[in-house]
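# What the coordinates show
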Amino acid sequence: MSSQPVPKKRRVSNGAKLVIIVLSFFLALTFVRAFTIEANSNEVIFSGNAPVKFPLAVTNTSNASMSLKFVADGPFSIIVPPNAPASIAKRDSKTVDLQLIPSQSFSMGDVYSAQIRVVSSAGEKSFPLTLRMKNPPLFNSHTPTGLFSFASFTSLPFFSSLGWVDALLIVIVVILGIALVARIKNRVIGGN
């Protein structure tokens with residue numbers, strides 16, 4: 001048997017391996033073009049055909065600016081406000097107040113799983129949504145009309161929300177109440 005020396009493998013030092021890993025990581029980061037999307041809630045509740053304001057925050061984590069396009073996947077459509085940014089600068093974040101409008105086929109009690117797709121030059125991401133339809137309000141409670149409107153009683157302090165029409169109606173109701181008490185008193189006790 002001949003004994004030949006076994007060739008030794010050249011070993012790369014741990015320091016050299018660490019340098020290679022770190023350089024590979026930074027090289028990979030230069031090719032990554034990504035963004036993130038966030039919102040306060042994943043649930044959208046429609047009330048009739050009224051649009052719902054849905055703020056969506058988009059953060060550009062890449063080193064280049066990117067353009068945005070919003071696509072609705074589900075029984076709704078999206079209206080992007082005219083003042084919404086068309087692009088986002090590198091390492092910047094913008095919140096876009098989207099208007100979501102339910103489709104005509106969406107009826108009361110329906111629940112759908114849907115998503116908003118954000119398509120950009122950096123790629124495409126989806127934001128999942130749960131869509132619900134509730135009863136539309138019978139009366140618009142935002143504008144007080146008279147003494148017995150719901151908005152007049154719910155906005156406190158009470159007297160600061162009164163208009164001159166409400167004050168006049170209160171005076172009339174007080175006078176009619178006094179007249180009713182006086183008439184009942186005269187019938188029960190007997191008038192002189």
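Residues numbered from 1 in each chain as written. Predicted model: local features only at pLDDT ≥ 70, side-chain atom pairs only at ≥ 80, totals over all residues. Heavy atoms only, no water.

## Points about the environment of Q104
Using the following cut-off: A helix here means a DSSP run of H or I that spans at least four residues, while a strand means a run of E at least two residues long, and both kinds are numbered starting from the N terminus.
When you line up the elements, Q104 lands in the loop between β7 (93-102) and β8 (111-120). Put simply, Q104 and F76 are 28 residues apart on the chain and 8.7 Å apart in space, counted from C-alpha to C-alpha.

## Digging into the confidence of the model for the protein
As a reminder of what qualifies: pLDDT measures how confident the predictor is about each residue, on a scale from 0 to 100. Contact between two residues is taken to exist if any of their heavy atoms lie within 4.5 Å; hydrogens are not considered.
On average, residues of the protein score 76 in pLDDT, and 74% of them are at 70 or above. Low pLDDT, under 50, characterises residues 150-160; the stretch is placed with 14 contacts to residues that sit more than four places away or in other chains.

## Remarks on the nonpolar core
Basically, it comes down to this: Nonpolar cores are built from buried Ala, Val, Leu, Ile, Met, Phe, Trp, Tyr and Cys residues. Side-chain atoms within 4.5 Å join them into one set. Exposure classes here rest on a 1.4 Å probe applied to the protein chains alone. A residue is buried below 20% of its type maximum, exposed above 50%, and partly exposed in between.
F46, F70, F76, L100, I116 and L129 are the most contacted members of the largest nonpolar core, which has 27 residues in total. Residue assignment for this core shows that the elements contributing at least two residues are β1 (35-38), β2 (43-47), β3 (52-60), β4 (66-73), β5 (76-79), β7, β8 and β9 (123-134). For L129, the residues in contact, after removing those within four places along its chain, are N42, V44, F54, F76, L100, Y112, S113, A114, Q115 and I116.

## What about the sheet that holds β4?
This is how it is decided: Only when DSSP finds a minimum of two bridges between them are two strands counted as paired.
Across the sheet, which stays open at both edges, the five strands sit in the order β2-β9-β8-β4-β6 with mixed pairing between neighbours. The open sheet is flanked by β2 and β6 (87-88), the only strands paired with a single partner.

## A look at the pairing of β7
Pairing analysis gives eight bridges linking β3 to β7, with the strands arranged antiparallel. Counted as the bridge partner of K53 is Q99 from β7. When β5 meets β7, the two strands line up antiparallel, connected through four bridges. Residue pairing across strands places F76 opposite P102, the latter belonging to β7.

## Let's talk about unusual backbone geometry
A positive phi angle is found at R91, which is not glycine, with a value near 55°. As for its placement among the helices and strands, R91 is situated in the loop between β6 and β7. Looking at R91, the relative accessible area reads 55%, which means it is exposed.

## Looking at the packing of aromatic side chains
Threshold: When two rings of Phe, Tyr or Trp (its six-membered ring) have centres within 6.5 Å they constitute a pair, described as stacked for plane angles under 30 degrees, edge-to-face for angles over 60, and tilted for the intermediate range.
For the coordinates displayed, the defined rule picks out one aromatic pair. Each ring, one from F54 and one from F127, has its centre 6.1 Å from the other, and the planes form 55°; the classification is tilted. With a gap of 73 residues between them, F54 in strand β3 and F127 in strand β9 connect regions that are remote in the sequence. Each member of the pair F54 and F127 is classed as buried.

## Comments concerning the environment of S113
Within the fold, S113 resides in strand β8. By relative accessible area, which is 71% here, S113 ends up exposed. Considering only alpha carbons, one finds S113 and R132, 19 residues apart in sequence, at a separation of 9.2 Å.

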